[in-house]
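# Coordinates in review
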Amino acid sequence: MRTCVNTLQDVPTSITAANNMVFSTEDQMVDCIQCLLSAFIVIPGHPEHGPLYLFQALKELIQTYQWEHNSSARARLSISMIQALSGLYQDELPYHFASGTTSNDELYAGNKDYKTEIEEICTQLVDDVLTDIAELDGKQDSLAPRKVCNLALDLLNTIAGAAEPTDKMKALASKVNSVVSKSSVSGMDSYIKNTTKAISSRNQWSDVIRA
């Protein structure tokens, strides 16, 4: 599987068809990485390279790949990785191999260092997403406001859905919500309204929206 990740680094950002039309490969690249993230949840760690070596390799790929100019792909995939890691963090994984392979929830059951490493990677990913949001927000691109709002909403829903409602996490969620509150993008009303309703219905998170 590590070879698979390494191979993705060499995928071209575009391909030229027989009619000389150039097509971007970004959407396919995003879909492929998201599929890998789902698979990596149940693939066991490596005895020498650690329990999260595949996630670490994929994280490096996401950060170093040459995404399109003004793309939000890197941030979207960072959020997808946070979601996958939140599944990996559970004491019992959401799914397993049918038979024959032991996954990390059994291999590292009760291992505090294992969960600490997941938390550290998620913290780094959140910082990466916030950096990308800030960079996109400063771009002279007509699509940038929509990308920023979508990313902020995706991140806000991920935080509220996966994290414990500690003061630190609620402060982070409030920061992300402030990005959404400043947005005035047409066509985003439904997503904003549904997010607000969902988070407001959770007693421990409702003050994030009020803030």
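Fair warning: this is a prediction, and the values are worked out from it, not measured in the lab.

## Notes on the overall build of the protein chain
Of regular secondary structure, the protein chain possesses ten helices and two strands. Radius of gyration (C-alpha) of the protein chain: 18 Å, near the 17 Å computed for a compact globule of 211 residues. With respect to the principal axes defined by its C-alpha atoms, the protein chain has extents near 55 × 50 × 25 Å. Taking all 211 residues of the protein chain together, 40% fall into the buried category. Sequence-distant contacts, at least 24 apart, represent 70% of the contacts inside the protein chain between residues at least 6 apart. Put simply, the protein chain shows about 11,800 Å² of open surface, and 49% of that area lies on carbon and sulfur atoms. Taken together, the 17 basic and 26 acidic charged side chains of the protein chain have centroids lying 9 Å from each other.

## Some thoughts on the pattern of salt bridges
Under the criterion given, the structure shown has five salt bridges. Here Arg74 ties to Glu135 by a salt bridge, and the two come within 3.8 Å at their closest N and O atoms. Within this pair, whereas Arg74 is found in helix 4 (residues 73-89), its partner Glu135 is found in helix 6 (residues 112-137), the two being separated by 61 residues in sequence. A residue is classified by how much of its surface remains accessible, and Glu135, at 42% relative accessible area, is partly exposed. Across the salt bridge formed by Lys170 and Asp207, the nearest N and O atoms sit 3.3 Å from each other.

## A closer look at the layout of surface pockets
Size it by volume and the largest pocket reaches roughly 620 Å³. Around the largest pocket sit 19 residues that line it, and Glu119, Cys122, Ala163, Glu164 and Met169 are the ones nearest its centre. Contributions of two or more residues to the lining of the largest pocket are made by helix 4, helix 6, helix 7 (144-162) and helix 8 (167-181). At seven residues, the largest contribution of residues to the lining of the largest pocket is made by helix 6. Its residues assigned to classes, the lining of the largest pocket shows ten nonpolar, four polar and five charged.

## As for helix 7
The first and last C-alpha atoms of helix 7 sit 27 Å apart over 19 residues, in line with the 27 Å expected at 1.5 Å per residue. Ala144, Val148, Cys149, Leu151, Ala152, Leu153, Leu155, Leu156, Thr158, Ile159 and Ala160 are the residues of helix 7 that are buried.

## Things to note about the packing of aromatic side chains
With the rule as written, the count across this model stands at three aromatic pairs. Centre to centre, the rings of Phe40 and Phe55 are 6.0 Å apart; their planes meet at 75°, and the pair counts as edge-to-face. One end of the pair, Phe40, is in helix 2 (residues 26-40); the other, Phe55, is in helix 3 (residues 53-64), and 15 residues separate them in sequence. For the pair formed by Phe40 and Phe55, the shared burial category is buried. With a centroid separation of 4.7 Å and an interplanar angle of 65°, the aromatic rings of Tyr65 and Trp67 are classed as edge-to-face. For Tyr65, a relative accessible area of 6% translates into the label buried. Classification of Trp67 by relative accessible area gives buried; the value is 14%. A cation sits over an aromatic face here: Lys115 above Tyr89, 4.6 Å from the ring centre.

## A short note on the packing of helix 2 against helix 4
Where helix 2 meets helix 4, the axes come as close as 10 Å, and the angle between the chain directions of the two elements is 10°. As the angle between them shows, helix 2 and helix 4 are arranged roughly parallel. The interaxial crossing formed by helix 2 with helix 4 has right-handed handedness. For the pair helix 2 and helix 4, contact is made by Glu26, Val30, Ile33, Gln34 and Leu37 and by Ala73, Arg76, Leu77, Ser80, Met81 and Ala84, respectively.

## Details of the confidence of the model for the protein chain
This prediction gives the protein chain a mean pLDDT of 92; 99% of its residues lie at or above 70. Taking the mean pLDDT of every element in the protein chain, the minimum, 80, falls on helix 10 (residues 206-210) and the maximum, 97, on helix 4.

Thresholds applied
Residues numbered from 1 in each chain as written. Predicted model: local features only at pLDDT ≥ 70, side-chain atom pairs only at ≥ 80, totals over all residues. Heavy atoms only, no water. Helix = DSSP H or I, 4+ residues; strand = E, 2+ residues; numbered from the N terminus. Rg over C-alpha atoms; globule rule 2.2 N^0.38 Å. Buried < 20%, exposed > 50% of the residue type's maximum accessible area, 1.4 Å probe, protein only. Contact = heavy atoms within 4.5 Å. Areas by Shrake-Rupley, 256 points an atom, 1.4 Å probe, with all protein chains shown as cover. Lys, Arg positive; Asp, Glu negative; His and termini not counted. Charge placed at Lys NZ, Arg CZ, Asp CG, Glu CD. Salt bridge = Lys/Arg side-chain N within 4 Å of Asp/Glu carboxyl O. 1 Å grid on protein atoms, 1.4 Å probe; cavity = no way out; pocket = protein on both sides within 12 Å on 5 of 7 lines; lining within 4 Å. Points joined across faces, edges and corners; volume = space filled by probe spheres on them. Nonpolar A, V, L, I, M, F, W, Y, C, P; charged D, E, K, R; others polar. Expected span 1.5 Å × (residues − 1). Phe/Tyr/Trp six-rings, centres within 6.5 Å; stacked < 30°, edge-to-face > 60°. Lys NZ or Arg CZ within 6 Å of the ring centre and 35° of its normal. Axes fitted to C-alpha atoms, helices over the stretch in contact; angles between N-to-C directions. Parallel < 35°, antiparallel > 145°, perpendicular 65-115°, else oblique. Left-handed = near helix turned anticlockwise from the far one by under 90°. pLDDT = per-residue confidence, 0-100.

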